[in-house]
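Coordinate analysis (summary)
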Amino acid sequence: MKIRHLAHTEIHFEHWDRCIQNAANSLVYAESWFLNLVSPQWEALVSENYEYVMPLPVKRKCGIPFLVQPPLTQQLGVFSSHKIEEDIVAQFIQNIPYRSYHLNFNEQNPCIKGVQHPNFVLNLNRDYDTIAATFSTNTKRNIKKAQQYHIEIKTDITATDFLEFYHAVEKNYKELPQTKLDALVQESVIRGKATIYGAYNEDSKLISTLFLLHSHQRLIYLLPVSNLEGKEVLAMFKIVDEIIQNHSNSKYLLDFSGSNVRNIARFYDGFGTSLNYYGEIKHWSINDFIKHFCFWK
């Protein structure tokens, strides 16, 4: 297979997005508009006629290019409407044009040599009662507690209101500069790629909210935030329960994203999720490492 390396300006975005849209493993993370926001100068590896594609999220420090997984972008890797065999993934890795990289592939890319990370997903193709029966005892108890506080869940929150609340609570957020985070949220809403859930107390004050990103047949749990009251009344349990009720008996997967933090993983697992795995590859050139810290002259 012939694989070409394309600079950002050489990418045919219409062909790219058609490939991602039709891919069996399609993810919103790989759509051009999303990449443009989280990795503005991303490059690409593409096969003939864009049958197989792989984004290259490029960054530079001290003039040295390297690849690193963009923030809020759990999985990338190789995408195609065709079956992606292990040897195809290997070919794309061999064609990475930079010596230093740290990348996550996606769940549908065959196992590659590297760390495997867990991803918590819940299939919503059953009725709500059947799904709820798989919740852990602790999760059932916390949902019941949250219901006692008469929390109201709404989905008519604007991007502006969400961002105002988010920045007021998460004052130390550093994954993305505020302007880029704001642009990502606003653009997602404009494109119909997100739903914002909010939990309100009895005084109609927002106490917890969740930015739910739409990714084809996935609903991605992204940017949850609760103020002190929201945490005390377990509002996020109520929000997730509402999402499950709203989308039960559908073709969607509720994708909680992975976490190696025990308490967060326990929260996800409590909703009866299954584990999928995605691979990570990492290679740092010692010469690039030295240049990165500007020890050379």
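The model shown is predicted, which means the values in this text are computed figures rather than measured ones. (Residues numbered from 1 in each chain as written. Predicted model: local features only at pLDDT ≥ 70, side-chain atom pairs only at ≥ 80, totals over all residues. Heavy atoms only, no water.)

1. A look at the pattern of salt bridges
For clarity, the threshold we go by: When a carboxyl oxygen of Asp or Glu lies within 4 Å of a side-chain nitrogen of Lys or Arg, that pair is called a salt bridge. Partly exposed residues are those whose accessible area sits between 20% and 50% of the maximum for their type, while under 20% is buried and over 50% is exposed, using a 1.4 Å probe and protein chains only. For helices the rule is a DSSP run of H or I covering at least 4 residues; for strands it is a run of E covering at least 2, with both sets numbered from the N terminus onward.
Applying the stated rule across the entire model yields seven salt bridges. A salt bridge links Glu85 to Lys83, with the nearest nitrogen and oxygen atoms 3.8 Å apart. A relative accessible area of 37% places Glu85 in the partly exposed class. Overall, Lys83 belongs to the exposed group, its relative accessible area being 62%. Residues Glu107 and Arg218 are paired through a salt bridge, measuring 2.8 Å at the closest nitrogen-oxygen approach. Remark: Arg218 occurs in strand β12 (residues 218-226) and Glu107 occurs in the loop between β7 (101-104) and β8 (115-123); sequence separation between them is 111 residues. Overall, the relative accessible area of 12% leaves Arg218 in the buried class.

2. Topic: a negative patch on the surface
Convention followed: What goes into a patch is any residue over 30% in relative accessible area without a salt bridge, connected to like charges within 9 Å or, for nonpolar side chains (Val, Leu, Ile, Met, Phe, Trp, Tyr), within 5 Å. We get accessible surface area from the Shrake-Rupley algorithm with a probe of 1.4 Å; when it comes to residues, only the shown protein chains can shield them. Note on charges: Lys and Arg go in the positive column, Asp and Glu in the negative column, and His and the chain ends are not counted at all. To locate a charge, take NZ of a lysine, CZ of an arginine, CG of an aspartate or CD of a glutamate.
Where like charges cluster on the molecular surface, the negative patch consists of Glu202, Asp203, Glu229 and Glu232. Mapped onto the elements of the fold, Glu202 is located in the loop between β10 (194-200) and β11 (206-215).

3. Notes on the packing of aromatic side chains
Quick reminder of the rule: Each aromatic pair joins two rings of Phe, Tyr and Trp (for Trp, the six-membered one) with centres within 6.5 Å, and gets the label stacked for planes under 30 degrees apart, edge-to-face for over 60, and tilted for any other angle. The criterion is that NZ of a Lys, or CZ of an Arg, lies within 6 Å of the ring centre and within 35 degrees of the ring normal, and then a charge sits over that ring.
Enumeration over the complete set of coordinates arrives at 19 aromatic pairs. Three or more aromatic residues link up through ring pairs in this structure, and these residues are Phe120, Phe135, Tyr221, Phe237, Phe256, Phe267, Tyr268 and Phe271. One residue, Lys154, lies across the ring of Tyr200, its end atom 4.9 Å from the ring centre.

4. Section: the pairing of β11
The following threshold applies: Any two strands with at least two DSSP-identified bridges between them are counted as paired.
Extensive coverage of β11 is indicated by the burial of nine of its ten residues. Taking the residues that link successive antiparallel strands as the turn, the β10-β11 hairpin has five residues, and the phi of Ser204 there is positive, at about 65 degrees. Across eight bridges, β11 lies against β12 in antiparallel orientation. Bridge pairing links Phe211 to Leu222 in β12. Hairpin geometry of β11 and β12 is characterised by an intervening segment of two residues between the two adjacent antiparallel strands and by a positive phi of about 60 degrees at His216.

Keep in mind that these numbers describe shape and distance, not what the molecule does.
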